[in-house]
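The residues making up each chain are set out below.
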Amino acid sequence: MASTETSTTSTTNDFSGGKTAPESGYVVPSRPPPNLFFLDFGLRLLLFASAVTALVVMVTSKQTKLIPVTVAPSSQIFLVSRDAKFQHSPAFIYLVAALSVTGLYSIITMLVSLFSIASPSPSPKTLFLLILFDTLMAGVMASATGNAGSVAYIGLKGNSHVNWNKICNMYGKFCRHVGSSAAVSLIASIVLVLLVVLSSYSLYRRSR
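Note that the coordinates shown come from a computational prediction; the quantities given were computed from them, not determined experimentally. (Residues numbered from 1 in each chain as written. Predicted model: local features only at pLDDT ≥ 70, side-chain atom pairs only at ≥ 80, totals over all residues. Heavy atoms only, no water.)

Undergrad: Report on a nonpolar patch on the surface, specifying residues and quantitative values.
TA: Among the surface-exposed residues, Phe-128, Leu-129, Leu-132, Phe-133 and Leu-136 lie close enough to one another that they form a single nonpolar patch of about 480 Å² accessible area. Looking at the secondary structure, you find Leu-132 in helix H4 (residues 124-157). (Patch = residues over 30% accessible without salt bridge, like charges linked within 9 Å, V, L, I, M, F, W, Y side chains within 5 Å. Areas by Shrake-Rupley, 256 points an atom, 1.4 Å probe, with all protein chains shown as cover. Salt bridge = Lys/Arg side-chain N within 4 Å of Asp/Glu carboxyl O. Helix = DSSP H or I, 4+ residues; strand = E, 2+ residues; numbered from the N terminus.)

Here is the structure:
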């Protein structure tokens, strides 16, 4: 009788592949969270392109015009050469500095993304640091873009309450460069916010 039970058990084990699942304590391994650093790398590449583009457009915004000036005693009109360039405004200098730092930062973080793509499970510490520095850079870029945009708007519309005259009717090329640079800088700010959201989501998935 014992031999019959043994043979029956052996037959059952043979049909099941020689393995019997434990009745309790068996934990099904969970699938690792998806590696989203491919998307992260693409966004950082877009950040680099937008920062460099905005920087180049801003630093090439110089324009020279001949401005008529009236001399009071003789009422004679003279043409004086005046330049309009980003160095004349602290807001534009701040934007150029912010774009330069953002471009360098995007290169460094692109390298981090490349190393993380090859890793099956990136470190939560890496994600936390990316969230921290991306948030910092997003704040810097947003403030610089807002400052430059406000000055550009005054140059376009002027301000009659404080007798600030508009200059874009004379310096059209300069204003187009400044406006384009501010618009592209806004794109860079939005990309940084998306990077913060992406890294936060990846960290959340790894904490579950």
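Undergrad: Tell me about the nonpolar core, and name the residues and values.
TA: Grouped together as the largest cluster of nonpolar side chains are 31 residues, with contacts concentrated most on Met-58, Phe-92, Phe-174 and Leu-192. Looking at this core, the elements that each hand over two or more residues are helix H2 (37-59), helix H3 (90-118), H4 and helix H5 (172-207). What Phe-92 contacts, discounting residues up to four positions off in sequence, is Met-58, Phe-86, Ala-148, Val-151, Ala-152, Phe-174 and Val-178. (Core = buried A, V, L, I, M, F, W, Y, C linked by side-chain atoms within 4.5 Å. Buried < 20%, exposed > 50% of the residue type's maximum accessible area, 1.4 Å probe, protein only. Contact = heavy atoms within 4.5 Å.)

Undergrad: Could you give an account of unusual backbone geometry, naming the residues involved and the relevant values?
TA: Within the chain, Asn-163 stands out as a residue other than glycine whose phi angle is a positive 60 degrees. Topologically, Asn-163 is positioned in the loop between H4 and H5.

Undergrad: Requested: an account of the state of the cysteines, with residues and values cited.
TA: Under the defined criterion, the tally for this structure stands at 1 disulfide. In this model, Cys-168 is linked to Cys-175 through a disulfide, with the two sulfur atoms separated by 2.0 Å. Between Cys-168 and Cys-175 the disulfide shows an S-S torsion of about -90 degrees. By sign, it is left-handed. (Disulfide = S-S within 2.5 Å.)

Undergrad: Quick rundown of the side chain of Arg-44? Include the residues and the values.
TA: Counting through the fold element by element, Arg-44 comes out in helix H2. Separated by 2.8 Å, the side chains of Arg-44 and Asp-134 make a polar contact. The residues contacting Arg-44, other than those within four sequence positions of it, are Tyr-105, Ser-106, Thr-109, Met-110, Ser-113, Leu-130, Asp-134, Leu-195 and Ser-199. (Polar contact = N/O pair within 3.5 Å; in protein donor to acceptor, adjacent residues only side chain to side chain.)

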